[in-house]
Amino acid sequence: MQRQPLTTTHPHGYVLARPDRALGLIRISKNASTESKVRLECEDWLPFHEFGGPVVAFLREPVARFLSSVPETILRMTDFASAQEWRMDRVVIPDDVHLELLDVAKAPIPTVLERFVELVEYAFFDAHHEPQHAFLADRHMALRIDPYLYLTETFETAIGQIENRFGIDVPPAAQRGNVGGRKAEAGRNGLVDVARRVSSTGVYREVTNPGFLGRRYGDGQPVLLRELNGYCNKFVRELKSQDLPADLRQRICDLYAFDLALWQDVTSRGGDVRASDVWPRND
């Protein structure tokens, strides 16, 4: 078994380190990666081989992570011709994949999910749904780095475990800017919102090609980022209102079988375990 080729939408092979180098974080997309970065005060990107301190990473149940990745990719996806440089979070995906997703933009949610699963089975095209093991493993599925593993589902417990193991103080949780996957439709406060509105910055910048979401909820014409975020929030509500068909759930579990085995083992141990102690055998 070999790991599939890495996506190009994530800085693979890098740790995000604290300024004091007391801890490094491997950011795995859709695994509380922003919240963990902020709480653990990790700021500096360093290649694996240049960081000598302890490292941590968070795992998440694969089906929940996959479903969370769908609106994230659909919000950010664009093609080469319409990618806007100011959108630092844009995800430029292959042209044929982009067209196939646009083709089901107005379809019922089950149809959208089935197309998305089909395309991901074909090839991973975004780090948001890339397998979690890909962030840790080399081409031959051996560990490139050996972090302590924690659980996204019990995030606050994990923070306490990290504090105890590594002797660091973690600031308490502040108001999160992305609660439950909700995308910002205004500034963080009234003054910021007014400033952004006047200067046409932040969520008031124009997205010239709103892609899948623009086709599903609008007329496909340029929209402000805040409007596109609103479309994404609407899509998330649609997605959460649907039961996942059993056959699709099984296809997702099969697709992420290695991740599922790893997550189950770490969950059975309550987290706070070295990756090398639970890494599944590569038979």
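Above this text sits the structure in question.
About the thresholds
- Residues numbered from 1 in each chain as written.
- Predicted model: local features only at pLDDT ≥ 70, side-chain atom pairs only at ≥ 80, totals over all residues.
- Heavy atoms only, no water.
- Phe/Tyr/Trp six-rings, centres within 6.5 Å; stacked < 30°, edge-to-face > 60°.
- Helix = DSSP H or I, 4+ residues; strand = E, 2+ residues; numbered from the N terminus.
- Buried < 20%, exposed > 50% of the residue type's maximum accessible area, 1.4 Å probe, protein only.
- Salt bridge = Lys/Arg side-chain N within 4 Å of Asp/Glu carboxyl O.
- Lys, Arg positive; Asp, Glu negative; His and termini not counted.
- Polar contact = N/O pair within 3.5 Å; in protein donor to acceptor, adjacent residues only side chain to side chain.
- Contact = heavy atoms within 4.5 Å.

K.L.:
Is there a simple way to think about the packing of aromatic side chains in this case?
P.N.:
What characterises a pair of aromatic rings is the spacing of the ring centres plus the angle enclosed by the ring planes. Throughout the structure, instances matching the rule amount to 10 aromatic pairs. When the ring of Phe-66 is compared with that of Phe-116, the centres are 5.8 Å apart and the planes differ by 75°; the resulting orientation is edge-to-face. Taken together, the residues span a long stretch of sequence, with Phe-66 in helix α2 (residues 62-76) and Phe-116 in helix α4 (residues 109-122) at a distance of 50 residues. Phe-116 matches Phe-66 in its accessibility class, with the two residues each being buried.

K.L.:
Looking at this structure, I do not really get the pattern of salt bridges. What am I missing?
P.N.:
Side chains bearing opposite charge may pair, as long as their charged atoms lie close to each other. Within the structure shown, the criterion is met by 15 salt bridges. As a salt-bridge pair, Arg-39 and Glu-156 come within 2.8 Å of each other at their nearest N and O atoms. Placement of the pair is Arg-39 in helix α1 (residues 33-39) and Glu-156 in helix α5 (residues 155-166), with a sequence separation of 117 residues. Overall, the relative accessible area of 5% leaves Arg-39 in the buried class. Note that Asp-265 is salt-bridged to Arg-269, the shortest N-O span being 2.9 Å. Using a relative accessible area of 24% as the deciding quantity, one classes Asp-265 as partly exposed. Through salt bridges that share partners, Arg-18, Asp-20 and Glu-41 make up one connected network.

K.L.:
I keep staring at the side chain of Arg-3 and nothing clicks. Help me out?
P.N.:
In this fold, Arg-3 is placed in the segment before β1 (14-17). There is no salt bridge for the buried Arg-3, and the closest opposite charge comes from Asp-138, which lies 5.9 Å off by N-O distance. At 2.8 Å, the side chain of Arg-3 forms a polar contact with the backbone oxygen of Ala-137. Once residues within four sequence positions are removed from consideration, Arg-3 is found in contact with His-133, Ala-134, Ala-137, Asp-138, Arg-139 and Met-141.

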